[in-house]
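# Survey of secondary and tertiary structure
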Amino acid sequence: MRSGSRCRVPIGWLQQCSVRASEVPLARISWAEHTTKGMTVNTPALCFRSKKILAPMVRVGTLPMRLLALDFGADIVYCEELIDIKMVQCKRVVNEVLETVDFVAPNERVVFRTCVRERDCVVFQMGSADAERALAVAKLVENDVAGIDVNMGCPKEYSTKGGMGAALLSDPDKIESILSTLVKGICKPVTCKIRILPSLKDTLSLVKRIEKTGVAAIAVHGRKKEERPQHPVHCEVIKAISEAVSVPVIANGGSHDFIKEYTDIEAFQQATGASSVMIARAAMWNPSIFRREGLCPLKEVMQEYIKYAVRYDNHYTNTKYCLCQMLREQLETTEGKKLHAAQSTQEICEVFEMGSFYEETTAILEAKASLKAKTQDEDEQMEDTDVIKMAVRFDKREYPPQITPKMYLLEWCRKAKHPQPVYDTVQRPLDKLFCSVVTVAEQKYRSTLWDKSKKLAEQAAAIVCLRSLGLPEGKLNEGENHLINKRKRENQEFLNNKEHEDDLLVEASHKRAHFTEGASDSSSSEVPR
């Protein structure tokens, strides 16, 4: 099929989007839930021979791009490089609404998201310069991915400054330590991605040493670390590596010189003698490069990408970035300018005439989230028998400026000589809402309603406590507000003290001036001898 022909991409989940939100059933037990319940799933070992592979690309290799590449025919997809220090801080969360497995940072940001669709063909690439930390990350994710890769070729400062990426090429001992530790420590295949060294001899020496660690494959970007895409790719060096080792070699770096359409992938493979081909920028520009029948029209490709971005709640800034990479020279068109101005996923959808899709899909997800949240709340109410609960929310319009229930509760605790209130706040991964439990005098209180922010949830918990104890909470309709009066007194005392300090400063200034004048008069009356 030629570039101008119509392209249809089978996306199973999207067929469900015609279902009304009210008809959405409870989420089925998915593969992700099976893994959390300790069930063993047999995963076939990943083969790296005769494969067409989506390369790891920062900001590009997120879940929507990986799934789209698979739809178009990619055999294996690599995620973007994720730094080990960030990943070891993450917790694994099963997202039942999106049917994904999320690795979530302490600040609640999703660092890595995956799903059952790609489980047998996604390779997790990490940036690491420490063998034990690399192993900790690999153990964290290995049950949710098909393989683990270590980035040893990225020349960018964000990677090399920590001794990672291309910085590892000058430390073969560390390379050997990291790869050997991973191969021995996990059950999934381990690979690495390198660049070539200044001399062929050193390059061959390095890959032979890497081969001995037991890796399943070696991906080779056919450029030196100081070379950029405009420099010719060194096919002859990749070919020499392919002949020197027995493990599969994955050729990378052909987008500029070779790969413009599907048939060029095989030409690049033959030129390098590699077992497989890894594609980066050509796939970023148009993921249908993996399609045997030929490239699809770009607008259709972008619309399919957006469907995955909406379906899997991809952050709009990442979605926008990837779409801009696809548009390239078309960014100055009317459509490109509208995309550049978009400030939300909904606005992006409207640019590409997908507003109704956005509304239908988000309605389905919100309905699932609401159903799950309701079930979770019912379970929690049965468990939290020692917590006093009320259905309340904090509305700042009902309170004077700078006066809050938390302030009233703290003031009461001080007067009653209780320890100050302790707030324990959690965020629900289903819908990212917050709930807070406040402990006062060894009794816990919380609102049954979840809020959009941590601050609002804590204020609601304080209201529950104050109302349960029959205490004022500072609302405008409560009459005289002692905290406001207290603040007024404190402000007046501050002003009085300030005026007193100013008077003292003026008086001291006058005394210094008088002293200076007296000293001047006495000195002028003296006659030097």
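Okay, so let's go over this structure. (Residues numbered from 1 in each chain as written. Predicted model: local features only at pLDDT ≥ 70, side-chain atom pairs only at ≥ 80, totals over all residues. Heavy atoms only, no water.)

### Describing the state of the cysteines
- What the rule picks out here adds up to 0 disulfides.
- No disulfide involves cysteine 121; its sulfur sits 9.1 Å from the nearest other cysteine sulfur, which is in cysteine 115.
- For cysteine 121, a relative accessible area of 12% puts it in the buried group. (Disulfide = S-S within 2.5 Å. Buried < 20%, exposed > 50% of the residue type's maximum accessible area, 1.4 Å probe, protein only.)

### Quick word on the pairing of strand β12 (residues 276–279)
- Covered by surrounding structure in β12 are Ser276 and Met278 together with Val277 and Ile279, the residues of both alternating faces.
- Examined bridge by bridge, strand β1 (residues 52–54) and β12 share 3 bridges and lie parallel to one another. Paired with isoleucine 53 across the bridge in β12 is methionine 278.
- Note that strand β11 (residues 249–252) and β12 share 3 bridges and pair parallel. What sits directly across from asparagine 252, in β12, is methionine 278. (Helix = DSSP H or I, 4+ residues; strand = E, 2+ residues; numbered from the N terminus. Pairing = 2+ DSSP bridges.)

### Looking at the side chain of threonine 319
- Within the element layout of this structure, threonine 319 appears in helix α12 (residues 316–327).
- Each residue touching threonine 319, except ones within four places of it in the same chain, is listed here: Tyr305, Ala309, Asn314 and Ile348. (Contact = heavy atoms within 4.5 Å.)

### Overview of the nonpolar core
- Judged by nonpolar contacts, the single largest core of 117 residues is most densely connected at Met87 and Phe124.
- Excluding anything up to four places from it in sequence, phenylalanine 124 contacts Cys79, Leu82, Met87, Phe112, Val137, Val141, Val145, Gly147, Ile148 and Asp149.
- If you look at the next biggest cluster of nonpolar residues, it comprises 18 residues, including Tyr399, Cys413, Val438 and Leu471. (Core = buried A, V, L, I, M, F, W, Y, C linked by side-chain atoms within 4.5 Å.)

### Details of the packing of aromatic side chains
- Within the structure shown, the criterion is met by 5 aromatic pairs.
- Ring centres of phenylalanine 258 and phenylalanine 268 lie 5.2 Å apart, and the angle between their planes is 45°; on these two criteria the pair is classed as tilted. Residue phenylalanine 258 is found in the loop between β11 and α9 (262–272), and its partner phenylalanine 268 is found in helix α9; the two are separated by 10 residues along the sequence.
- For phenylalanine 258, a relative accessible area of 27% corresponds to the partly exposed category.
- Take phenylalanine 268: its relative accessible area is 0%, and that puts it in the buried class.
- Of the aromatic side chains, those joined through ring pairs into one cluster are Phe103, Phe112 and Phe124.
- Over the ring of tyrosine 312 we find arginine 311, and its NZ or CZ is 4.4 Å from the ring centre. (Phe/Tyr/Trp six-rings, centres within 6.5 Å; stacked < 30°, edge-to-face > 60°. Lys NZ or Arg CZ within 6 Å of the ring centre and 35° of its normal.)

### Quick look at the sheet that holds strand β6 (residues 110–114)
- An order of β4-β5-β6 is seen for the 3 strands of this open sheet, with the pairing classed as antiparallel. Edge strands, defined here as strands with exactly one partner in the open sheet, are β4 (91–95) and β6. Strand-to-strand twist across the sheet, computed as the mean angle between neighbouring axes with direction ignored, equals 25°.
- Against the sheet, helix α2 (residues 63–72) touches β5 (100–104) and β6, its axis set at about 20° to β6. (Axes fitted to C-alpha atoms, helices over the stretch in contact; angles between N-to-C directions.)

### Remarks on the side chain of aspartate 71
- Its location among the elements puts aspartate 71 in helix α2.
- A relative accessible area of 15% means that aspartate 71 is categorised as buried.

### A word on the packing of α2 against helix α11 (residues 298–311)
- Direction vectors running N to C along α2 and α11 enclose 130°, while the axes themselves pass 9 Å from each other. With respect to each other, α2 and α11 are oriented oblique. Crossing geometry of α2 relative to α11 is assigned as right-handed. Across the interface between the two elements, Pro64, Met65, Leu67, Leu68, Asp71 and Phe72 from α2 touch Val301, Glu304, Tyr305, Tyr308 and Ala309 from α11.
- Its residues assigned to classes, the contact of α2 with α11 comprises 9 nonpolar, no polar and 2 charged. (Parallel < 35°, antiparallel > 145°, perpendicular 65-115°, else oblique. Left-handed = near helix turned anticlockwise from the far one by under 90°. Nonpolar A, V, L, I, M, F, W, Y, C, P; charged D, E, K, R; others polar.)

### Topic: helix α4 (residues 131–141)
- All of the buried residues in α4 are Ala131, Ala134, Leu135, Val137, Ala138 and Val141. Down the axis of α4, the buried set is contained in an arc of 165°. They therefore lie on one face.
- Lining the buried residues of α4 we find α3 (84–87), β5, β7 (122–127), β8 (147–152) and α6 (172–185).
- For α4, the N-terminal cap is aspartate 130; the gap from its side-chain oxygen to the backbone nitrogen of glutamate 132 is 3.2 Å. (Arc of directions from axis to C-beta. Polar contact = N/O pair within 3.5 Å; in protein donor to acceptor, adjacent residues only side chain to side chain.)

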